[in-house]
Amino acid sequence: QVQLVESGGGLVQAGGSLRLSCAASGSIFSRNGMGWYRQAPGKQRELVAGISSGGSTSYATFARGRFTISRDNTKNTVYLQMNSLSPEDTAVYYCNGFPAFRAADWGQGTQVTVSS
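As the structure is a computational prediction, the values presented were derived from the model and not from experiment.

Asks: It is not clear to me how the overall build of the protein chain should be interpreted in this structure. Could you clarify?
Replies: Scanning the protein chain for helices and strands turns up zero helices and 10 strands. Element order for the protein chain, N to C, with α for helix and β for strand: β-β-β-β-β-β-β-β-β-β. The C-alpha radius of gyration of the protein chain comes to 13 Å, within 12% of the 13 Å expected for a compact globule of 116 residues. Reported as C-alpha extents along the three principal axes, the dimensions of the protein chain are approximately 40 × 25 × 20 Å. The burial tally for the protein chain puts 43% of its 116 residues in the buried class.

Asks: Looking at this model, I keep getting lost on the pairing of strand S4 (residues 34–39). Mind explaining?
Replies: On a regular strand, each side chain points to the face opposite its neighbour's, so the side chains alternate between the two faces of the sheet. Summarising burial for S4: five of the six residues are buried, a large majority. Relative to strand S5 (residues 46–51), S4 is paired through five bridges, and the arrangement is antiparallel. Bridging from a neighbouring strand, Tyr37 pairs with Leu47 of S5. Connecting S4 to the antiparallel partner S5 that follows it, the hairpin turn spans six residues, and Gly42 within it adopts a positive phi of roughly 75°. In the sheet, S4 pairs with strand S9 (residues 91–97) via six bridges, with the strands oriented antiparallel.

Cut-offs and rules
Counting starts from 1 at the beginning of each chain's written sequence and moves along it residue by residue. With the structure being a predicted model, the display of local features is reserved for residues of pLDDT at least 70 and the display and counting of side-chain atom pairs for 80 or more, all residues being used for whole-chain, interface and lining totals. Excluding hydrogens and water, the side-chain values take into account all heavy atoms of the structure. Numbering of helices and strands runs from the N terminus, with a helix taken as a DSSP run of H or I at least four residues long and a strand as a DSSP run of E at least two residues long. Just to be clear, the radius of gyration here is over C-alpha atoms, and the globule rule we use is 2.2 Å times residues to the power 0.38. Three exposure classes are used, based on accessible area relative to the maximum for each residue type with a 1.4 Å probe and protein chains only: buried under 20%, partly exposed in between, and exposed over 50%. Strands qualify as paired when DSSP identifies two bridges or more between them.

In structure tokens form, the structure reads like this:
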């Protein structure tokens, strides 16, 4: 089982930026696609962005042009750079496999709160 630890969330004003990090344990990280997901209060968890083991990226419509996903296989870490944040981006952000996540691998996530 892979352990995923998200960090980097916080409170930011609208228009601001945050960089999230997800550290993964396990040697299989470099062979797997990884994704960022988010869940806002009262809403279902949704995909934000994904990156393949080879570095190809995919973004949800709302993230395209504002968010950038990247990975460092030497550190078993995936990142999400978020710019031009809006209150609608307020959610708990999680990382997991991409395109298929594993329910058993969800971590505690990192809270992102954007104030207007």
